[in-house]
Amino acid sequence: MRRAEIITAFLLALFSAYLMWKSGEGPEWDTEYVHWANTGINIDGSGPGKGFWPFYLALGMFISCIWIIINAFRRLSPPSQSEEPFMDGYAKKMLLFVGGGLIGFLILIDLISMYAAIAVFMFYYMMFLGRHPLKLSIVTSLVVPFWLYLFFDIVMTKVQPKGLRWIEDAIYNPAGAFFRDQSLLTIVLCFAVTGAVLAITARASRH
Amino acid sequence: MNLVKKLVLGATALGMVATATAAVAFEPSKPVDFVIMAGKGGGADKMARLMQSIVEKEGLADKPLVPTNKSGGSGAEALTYMKGVNDPDHTIMVTLNSFFTTPLRQPGLKVDSMAFAPVGRMAEDTFLLWVHKDEGISTFQEFLAEAGKRGNKWVMGGTGKNSEDNIVTDHLNKAFGLDIKYIPYKGGGAVAKDLAGKQIQSSVNNPSEALGFYESGDVIPLVAFTNERLPLFPEVPTLNEIGIGEPFAYFMQRAVVGAPGMSDEAQAYYTELFTKVYASDDWQKYKKSKSLMGDFISGSDLEDYWATQIERHEKILKASGAIK
Amino acid sequence: MDIFAQFFDVLPALQQGIWVAVQPHNLALAVIGVIVGLFVGALPGLGSVNGVAILLPFTFVINEATPDPASPMIFLAAIYYGAMYGGAISSITLGIPGASTAVATTFDGRPMALQGNADRALVTAAIASFVGGTIATLFFTVFAPALSSVALDFGNPEIFALMLLAFATFIGLGGDDIPKTMFSIFFGLLLATVGFDTISGEPRLIFFNEREQTAVLEALGSTDAASSVPIFNSVGWFSRGIQFLVLAIGVYGIGEMLWTINESRYKVTMTETKISASRIMRGIVGMKDAWKGTAIGSLLGFFVGILPAAGATPGSLMSYGVSKMTSRDPKSYGQGNPDGVAAPEAANNSASTGAMLPMMTLGIPGSPTTAVLLAGMVIWGLEPGPRLFEDRPEFVWPLIGSFYISNIVAVLVNLAFIPLFLAVLRMPFTILAPVIFVLSIIGTYAAYDNMYDVWLMVLFGLGAYMLRILDYPLAPAVLAVVLGGTAEQKLRQSLLLSDGDFAIFYSPFFDRDGKGQEWWIAPITTWIAVILIALPIVVWGIRKMRGQTAADV
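Overview of the structure.

The rules behind the values
Residues numbered from 1 in each chain as written. Chains lettered and ligands numbered in written order. Predicted model: local features only at pLDDT ≥ 70, side-chain atom pairs only at ≥ 80, totals over all residues. Buried ≥ 20, exposed ≤ 12 C-beta atoms within 10 Å, placed from the backbone. Helix = DSSP H or I, 4+ residues; strand = E, 2+ residues; numbered from the N terminus. Pairing = 2+ DSSP bridges. Right-handed = clockwise from strand over helix to strand, strands pointing away. Contact = placed C-beta atoms within 7 Å. Nonpolar A, V, L, I, M, F, W, Y, C, P; charged D, E, K, R; others polar. Axes fitted to C-alpha atoms, helices over the stretch in contact; angles between N-to-C directions.

**Section: the pairing of strand β7 (residues 181-185) of chain B**
Residues and elements named next belong to chain B.
- Most of β7 is tucked away, with 5 of its 5 residues classed as buried.
- What you see with β7 is no split at all: Lys181, Ile183 and Tyr185 on one side and Tyr182 and Pro184 on the other are buried throughout.
- Here 5 bridges tie strand β6 (residues 155-159) to β7, and the two strands are oriented parallel to one another. Each residue of the ladder has a partner; that of glycine 158, found in β7, is proline 184.
- Handedness of the crossover joining β6 and β7 through helix α6 (residues 164-176): right-handed.

Structure, rendered in structure tokens:
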């Protein structure tokens, strides 16, 4: 853990130094600009430049990192006293499966739409990481995105990504036209009916 | 509003709808992104939200307009957002004069004002010079004397750097040898509030922004930067009429534009929509009560108007040294 | 007494107003509004602004159908209140703050839920919200016109001093590791500067922009670097800035969840969270342990809320900080202290009511939600501004009356729905965890309509997980992102006014307008903040001199 503490603080210090340099940067199109010119406190009588505040914040970050490193060498902070590894085998595996699942989820959103990606992710998580019964996994991973679809896309008109064009045309446009015409009561009924299906499946899978 | 007028307006609207359905193939298939290139509470913001409310109230569109404020960098944030938007047919924006000035000042944004789709100009807003009543100033001449005496301790608040307010302030400084300090704010509402609180000494707010504090007696207008006196402030002279310095009049466009790359069908749809908004009672009432000027123009007329405005702003900005 | 005289002056008008607000149709609107608000507020990514904006068209129907001009506003105000109550629900049950105002609620609300006291945390939040909202409404009733002038006294230096005061209360939030807390604050503030600079209008901190991409390609030996950029859309990723929810949902929805999964190996099931009427009653009785947090939150929240630039977030944060500082047992904060739930919840409701004040009396919205309310008022033919109270009493008083009624309705509805919210917690963790991940992603997209922000959110979450293992406190960063934009803007406007002289903040004799006036508010606020920041260091120094080690503190 101590080694991880020092390496992380060192990387963050490097990052802070980059931020300090970056704060002094001028507009990309201004070729006459001199680096650091906009970090001053009163430039041409018109107050601090745009780099003033970020520069001193980045400097603050840099100093904090140096302080953290000193504390770690003197073994003053709890992580630098700990003998446990930064990440044990379980943590590494968990990060790979869950973190990897999340990245896969994000990639799928652009391809097969938000709601389909949710269905795939829910099924993956419940079936392979949660080891729930197949039936429950399938029903949950269909009902949850359906609920979210009704709530976000239909009721709140917060439209989510629809994936490739043909998916949008083939599925979402007709579905949207159908559900938007329904009364609020019908939508609530849809929630209730699918909720009941989910509850029954959950109860059945417990035995 | 009498019944006859309502019927006539209704009939015109119906006629428009009839022609619209015949000619316009485009209908939005999802909520329309309605970008406001200014902060909350300013003139542009209030106006945009009013337009949205009128669309909702009169049921003019099937899909709602969803307003979002993108106030960063005198409109630079909104302009780059519009340029990069992936669905131009569902993205429209309410613009100010920063629509001309920001691309001129920042060539690196690679934004071309003329590439936007001209949907419709809803009005031209006016500028007045406001001071707090406790300054004990009641004429423009007294203002010149007092501001000259205090040098850079006289502070003008305005919306954004190198924006409309800044252009008017620069003009005052240059034409009358003043050294007024200009402080940029995020929106006109905050400027009006700080003037009423005597945090700043003057502002060049639009009437819609300062009206509340004018009616409560906190702030007073000294001069109007228009060609003729405004009906709402008949006792306030125009700068031209005072006759010191060169003639100077300055207006702010209040126009709706479509994202670059918008299809002609979509542009026609939005022009129809905002023609109806313009004709509505609420808009006409608002226009009158906020001392807005200018008629509805669209299409190539609006593009011509833009071209002359860009030329004029280029001159102004060059004269003040903001661009080379 | 002047105050009492004032109160009795407005009493008949208020009575009339409450009478209008309890008319069956208005009462029904309040109930519907609160329920809608509660659910919208409870979902991460959606807040009161979505609820209010989406239901705005519906109010035109209400306007035509009812005789009272205040009915549409009563409906929207009820949604606003409902959402404020609802914000606490996701903070407590899911551990994700749905809005910036509810960040401080997670500090103690989440530990309480993990200890099986979720019901108590929810009840405490509901009642504290009720008390905060009601006290604020009382202030609103009596002082509304007088207080609008207080807001006018807060110019740029004053608001910056107030921000400084808010940051001073951060110091107590981060735990024992001072450099890590400092890093977290600076990092959050810096994230808030990414994107377009409000004052100069230029982009800044656009990471890995075309210039850097060219440099990297050339370093890698590409002969034709200029023509192959951009390989990465840096403008798309960073020009809109780093939004609050991107960091907040990343840290709490992804980072904290990963950490919990790793610590518990999916063994956390909060099945012991039972619910019964008697447990809720016990929760209500237990409020006597949280009266102090409630009181602090109600008062502080209101006064911070009425300042247009500040709003409910610094109010709730400062209340938490002050409540912790004045506590006899500050160590119990963050471990599930009911006071730590009550203080921010009382404050954010109180501040939301307070935020109505500048909106109605100055015409300046303090938050996105009040901006929508303002737009609604304009279209109903009202003119918010200094003359609203005098010109339109038939609108103002029923609205104020409805604040009282909405609060009562909201607390009752909220208590009635607690069993439903607790049912969420009884799900197995292997179902709850993916649901939280899904809500985080869909919520971020719903808030900003952009996939870049969703990617950034997940990346922040993975980074936050690593930093969490190493004990970096991230709550200060999340809050700093919210306040950073205002703080920088006010700092720069003030320094522009003073020609770069910091005396404008600490000296009452700094001449701002050439008239030799004295300005006391900013210096007093600044000095309080400086003392608050210095105090822990002094105490630490004294302890050190007495020879105590850090472990004994």
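Moving on from the model shown.
**Focus on the environment of Phe510(C)**
Residues and elements named next belong to chain C.
- Relative to the helices and strands, phenylalanine 510 resides in the loop between α23 (503-506) and α24 (521-545).
- Here phenylalanine 510 falls in the partly exposed class, since 19 other C-beta atoms lie within 10 Å of it.
- Distance from phenylalanine 510 to leucine 122, taken between C-alpha atoms, is 48 Å for residues 388 residues apart in sequence.

**Brief notes about the interface of chain C and chain A**
- Contact with chain C, which involves 50 residues of that partner, is made by 59 residues of chain A.
- Contributing elements (two or more residues each) for the side of chain C that touches chain A: α3 (48-65), α8 (178-191), α9 (210-219), α12 (244-264), α20 (429-448), α21 (451-469) and α22 (475-497) of chain C.
- With 10 residues, the single largest contributor to the side of chain C that touches chain A is α20(C).
- In terms of residue class, the side of chain C that touches chain A is built from 31 nonpolar, 7 polar and 12 charged.

**Some remarks on the sheet that holds strand β4 (residues 117-126) of chain B**
All names here are of chain B.
- The 5 strands are arranged β2-β1-β3-β10-β4 in an open sheet whose pairing can be described as mixed. Looking at the sheet topology across the chains shown, the edges are occupied by β2 (65-69) and β4. On average, adjacent strands in this sheet sit at an angle of 20° to one another, irrespective of strand direction.
- Of the strand pairs in this sheet, strand β1 (residues 32-36) and β2 are connected by 5 bridges, and their pairing is parallel. Following the sheet pairing, aspartate 33 is matched in β2 by valine 66.
- Contacts from helix α12 (residues 299-320) reach β4 and β10 (251-258), with the element oriented near 55° to β4.

**Description of the interface of chain B and chain A**
- Every contact between the two is made by 5 residues of chain B and, on the other side, 5 residues of chain A.
- In terms of residue class, the side of chain B that touches chain A is made up of 3 nonpolar, 1 polar and 1 charged.

**Let's talk about the sheet that holds strand β9 (residues 219-224) of chain B**
Residue and element names in this part refer to chain B.
- In space, the 5 strands of this open sheet follow the order β7-β6-β8-β5-β9, with mixed pairing throughout. The two strands at the open ends of the sheet, each matched to only one other strand, are β7 and β9.
- Across 2 bridges, strand β5 (residues 128-132) lies against strand β8 (residues 202-203) in antiparallel orientation. Bridge pairing in β8 places valine 131 opposite serine 202.
- Running over the sheet, helix α7 (residues 188-196) touches β5, β6, β7, β8 and β9 and is turned about 155° from β6.
- In the packing of helix α8 (residues 207-215) onto the sheet, contacts are made with β5, β8 and β9, and the angle to β9 comes to roughly 140°.

By themselves, these figures tell us nothing about what the structure is for.
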